[in-house]
Number of protein chains: 2
Amino acid sequence: MKILTRTEIEQLLSIPKILEAIEEGFIAYSKHEVVIPPVGSLHFDSPPGDCHIKYGYAKNGKYYVVKVASGFYDNPKQGLASNNGLMLLFDKQTGAPISALLDEGYLTVLRTAAAGYVAANCLAPKNISCVGIVGTGAQAHYQLKFLSFATKCRNVIIWGRDIEKAKQLAQHADFSGWTFEIAQNIEQLTAKCNLIVTTTPSSHPLLFADQIKPGTHITAVGADDSGKQEIDAQVFAKADKVIVDSRSQCSLFGDVSYALKKNVIQPEKLVELGEVLSNPSLGRTSETEITICDLTGVAIQDLQIAKTIYEASVSKVK
Amino acid sequence: MKILTRTEIEQLLSIPKILEAIEEGFIAYSKHEVVIPPVGSLHFDSPPGDCHIKYGYAKNGKYYVVKVASGFYDNPKQGLASNNGLMLLFDKQTGAPISALLDEGYLTVLRTAAAGYVAANCLAPKNISCVGIVGTGAQAHYQLKFLSFATKCRNVIIWGRDIEKAKQLAQHADFSGWTFEIAQNIEQLTAKCNLIVTTTPSSHPLLFADQIKPGTHITAVGADDSGKQEIDAQVFAKADKVIVDSRSQCSLFGDVSYALKKNVIQPEKLVELGEVLSNPSLGRTSETEITICDLTGVAIQDLQIAKTIYEASVSKVK
């Protein structure tokens, strides 16, 4: 069994390969070429935290994946990252463990950011005036970094609860030469940005329908469990196209689930990201449409990124 | 993160400590002091296999566990064990991975055998004339080995499809000085044994009501997933006491689930093993009763054994 540490994983990864693998994964998912059971989860009260177990396989693939990811939101008080976790890759022919990717949650951050790239690449308007990032954590950082593969726009507005963290993000070496503005409130961001990504673990809506201009694309990645919500249900009613990573999963939790439960939109309005990739006419068809993509995180992403890293480690040895 | 290999785990383990930890785990489980979500599972067609993900925590404990166990039943054709897997222990305060126990499925075998010990210890008649083992694999081996802590009886009858494997088991050094008989059919076993353990991945019943004498205890450990069954539903009707490791889990799958679905017994007949440990009057109350214990495998066992091994590894370092 190959043990890969976070440092080894960082040395092995190729962003273009990850983006390609995630795109392929969404297409396979929506073609029902994968087996992905519902997410397992554990919740903790004291201190507050959660753990998600995502697992599955591609029917014609060599591996199955089990990913364990945690979020303990008091960790930063102790100087620890909120998120942690690891991915396990198994041989689909024998059940033998092949690799443990001890990524400390890093690959979950990357595969989520890669999904944000995929969503922006196929759904955002052609001309991005300004990118809006809601949140200031690792996910905000990597969404921005990966979005640079989808748009040439380097103007960013950040909104977050912690101004210091927003400043740190804006000053990071990954974004040297970019233009950053730190918004005092969310309206400053929504007024200027036509590509918005929300990346917080918020339990109440941060974006509301009256704030969203025509021609905006929103990708929401924070609400990956019941009880989390970033986008008010009415935003989905206002949107011309509502895209989800997984129809079944987004009906259970995530931002879309609130809109469905309140009957603000009907299930027929949902289109999967993999369906848009296979048939772009299901996505944005004009520069003035409002599109929104709700990403709850699907095990096919974990499988694809774990496979990409593991196979890179094997070919490196050869 | 502490990586423990199978060899290291073998050196660390203490059977008495494991038996004690498993007993404590069942008591805590039945007192609702643990959080154990439903088992996650993956099924594979070609080659046939399954993977179970069991996870959970004790509310007042330090850890949470995620255990991944596989069964690929064509593996022996390639000279590989059918079962494989590993256990992961996480810090319940931060979500940080603490230890990966790369046990190759060995700890799952042991914690199941330990549950067999617990069941026999509190449910079997006082005087065991002969132990009957159905099946000849690793689980048969460890059930016998662990039963030696519950009874002084060293007379065993084995029944299995593969006579050669039955002979190998009987000749194993762990059982030197024991008396073994290899049954030609199941009736030879049921006629003489009053403590019977079934350990096969059978998909159809092997034991039937007319074979079971008064004063017999049966522990069934093989049916750990839907589609598996070792004990005919009518055996549960004939039994005076029906014990389960988990009422909720045994209602979903395992031998008892068939008896419930056929209305052969009512849910009220089920008593949890942890309840019997806390209140022995819920178990066997005479030497002539028929008792049966259906063990589907609960994550609390995985948590308890992983914790025992990990803490042994830490105290060894000190």
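Everything below is about the structure shown above.
To start, this report covers the structure provided alongside it. For clarity, every value in this text was computed on a predicted model and none was experimentally measured.

Looking only at helices and strands, chain A has 11 helices and 15 strands in total. Counting only C-alpha atoms, chain A reaches 55 × 45 × 40 Å along its principal axes. A buried classification covers 60% of the 318 residues belonging to chain A. Here the contacts in chain A between residues at least 6 apart in sequence split such that 70% fall between residues at least 24 apart. Counting only carbon and sulfur atoms, one obtains 50% of the accessible surface of chain A, whose full area is about 12400 Å². Across chain A, 31 positive and 33 negative side-chain charges occur, with their mean positions spaced 4 Å apart.

Let us look at the pairing of strand β11 (residues 195-198) of chain B. Residue and element names in this part refer to chain B. Here β11 shows a buried face lined by L195 and V197 and a second buried face lined by I196 and T198. With 4 bridges joining them, strand β8 (residues 131-134) and β11 adopt parallel strand pairing. In the strand pairing of β11, I133 is matched with V197. Looking at chain direction, β11 and strand β12 (residues 217-220) are connected through 4 bridges and run parallel. What sits directly across from I196, in β12, is I218.

Moving on, we come to the packing of aromatic side chains. This structure, assessed with the given rule, holds 20 aromatic pairs over all chains. When the ring of Y106 of chain A is compared with that of Y142 of chain A, the centres are 5.7 Å apart and the planes differ by 80 degrees; the resulting orientation is edge-to-face. A residue pair is termed long-range when its members are at least 10 positions apart, and Y106 of chain A in helix α3 (residues 106-123) and Y142 of chain A in helix α4 (residues 138-147) qualify at 36 residues. For the pair Y106 of chain A and Y142 of chain A, a shared accessibility class is recorded, and that class is buried. Put simply, the rings of F44 and F72 of chain A together with Y57, Y64 and F90 of chain B pair up and form one aromatic cluster. A cation over a ring is seen here: K261 of chain B above Y258 of chain B, with NZ or CZ 5.8 Å from the ring centre.

Another point: the pattern of salt bridges. All names here are of chain A. Applying the stated criterion across every chain yields a total of 22 salt bridges over all chains. Note that D302 is salt-bridged to K67, the shortest N-O span being 2.8 Å. Remark: K67 occurs in strand β5 (residues 63-72) and D302 occurs in helix α11 (residues 299-317); sequence separation between them is 235 residues. Overlapping salt bridges, with partners in common, bring together D50, D224 and K228 in one network.

This paragraph deals with the pairing of strand β12 (residues 217-220) of chain A. Residues and elements named next belong to chain A. On β12, burial covers both faces: H217 and T219 on one face and I218 and A220 on the other are all buried. In this sheet, strand β15 (residues 291-294) lies alongside β12 in parallel orientation, the contact comprising 4 bridges. Across the sheet, the residue bridging to H217 is T291, located in β15.

Residues and elements named next belong to chain B. Helix α3 (residues 106-123) packs onto helix α2 (residues 15-30) with a crossing angle of 75 degrees between their chain directions and a minimal axis gap of 9 Å. In terms of orientation, α2 lies roughly perpendicular with respect to α3. Of α3, the residues touching α2 (which contributes I18, L19, I22, E23 and F26) are L110, R111, A114, A115, Y117, V118 and N121. When grouped by side-chain class, the residues that make up the contact of α2 with α3 number 9 nonpolar, 1 polar and 2 charged.

All names here are of chain A. A sheet is described by the order of its strands in space; here 8 strands give the open sequence β10-β9-β8-β11-β12-β15-β13-β14, paired in parallel fashion. Each edge of the sheet is formed by a strand with only one pairing partner; in this case those strands are β10 (179-182) and β14 (270-272). Going across the sheet, the axis of each strand differs from the next one's by a mean of 20 degrees, ignoring polarity. Most of the contacts of helix α5 (residues 163-170) go to β10, to which it runs at about 175 degrees, and overall it touches β9 (155-159) and β10.

With that settled, consider the side chain of D245 of chain B. All names here are of chain B. Relative to the helices and strands, D245 is located in the loop between β13 (241-244) and α8 (247-252). Although D245 lies buried, it forms no salt bridge, and the closest oppositely charged side chain, R111, sits 6.7 Å away as judged by the N-O distance. Within the local environment of D245, its side chain forms a polar contact with the backbone nitrogen of T296, the two atoms lying 2.6 Å apart. Within the structure, the side chain of D245 is placed 2.7 Å from the backbone nitrogen of G297, a separation counted as a polar contact.

On the secondary structure map, Y57 of chain B appears in strand β4 (residues 49-58). The exposure class assigned to Y57 of chain B is buried, which follows from its relative accessible area of 8%. Sequence spacing of Y57 of chain B and T285 of chain B is 228 residues, and the spatial spacing of their C-alpha atoms is 33 Å. With residues near it in sequence (within four places) discarded, Y57 of chain B still touches L42, H43 and F44 of chain A together with V34, V35, Y63, Y64, K92 and L303 of chain B.

About the thresholds
- Residues numbered from 1 in each chain as written.
- Chains lettered and ligands numbered in written order.
- Predicted model: local features only at pLDDT ≥ 70, side-chain atom pairs only at ≥ 80, totals over all residues.
- Heavy atoms only, no water.
- Helix = DSSP H or I, 4+ residues; strand = E, 2+ residues; numbered from the N terminus.
- Buried < 20%, exposed > 50% of the residue type's maximum accessible area, 1.4 Å probe, protein only.
- Contact = heavy atoms within 4.5 Å.
- Areas by Shrake-Rupley, 256 points an atom, 1.4 Å probe, with all protein chains shown as cover.
- Lys, Arg positive; Asp, Glu negative; His and termini not counted.
- Charge placed at Lys NZ, Arg CZ, Asp CG, Glu CD.
- Pairing = 2+ DSSP bridges.
- Phe/Tyr/Trp six-rings, centres within 6.5 Å; stacked < 30°, edge-to-face > 60°.
- Lys NZ or Arg CZ within 6 Å of the ring centre and 35° of its normal.
- Salt bridge = Lys/Arg side-chain N within 4 Å of Asp/Glu carboxyl O.
- Axes fitted to C-alpha atoms, helices over the stretch in contact; angles between N-to-C directions.
- Parallel < 35°, antiparallel > 145°, perpendicular 65-115°, else oblique.
- Nonpolar A, V, L, I, M, F, W, Y, C, P; charged D, E, K, R; others polar.
- Polar contact = N/O pair within 3.5 Å; in protein donor to acceptor, adjacent residues only side chain to side chain.

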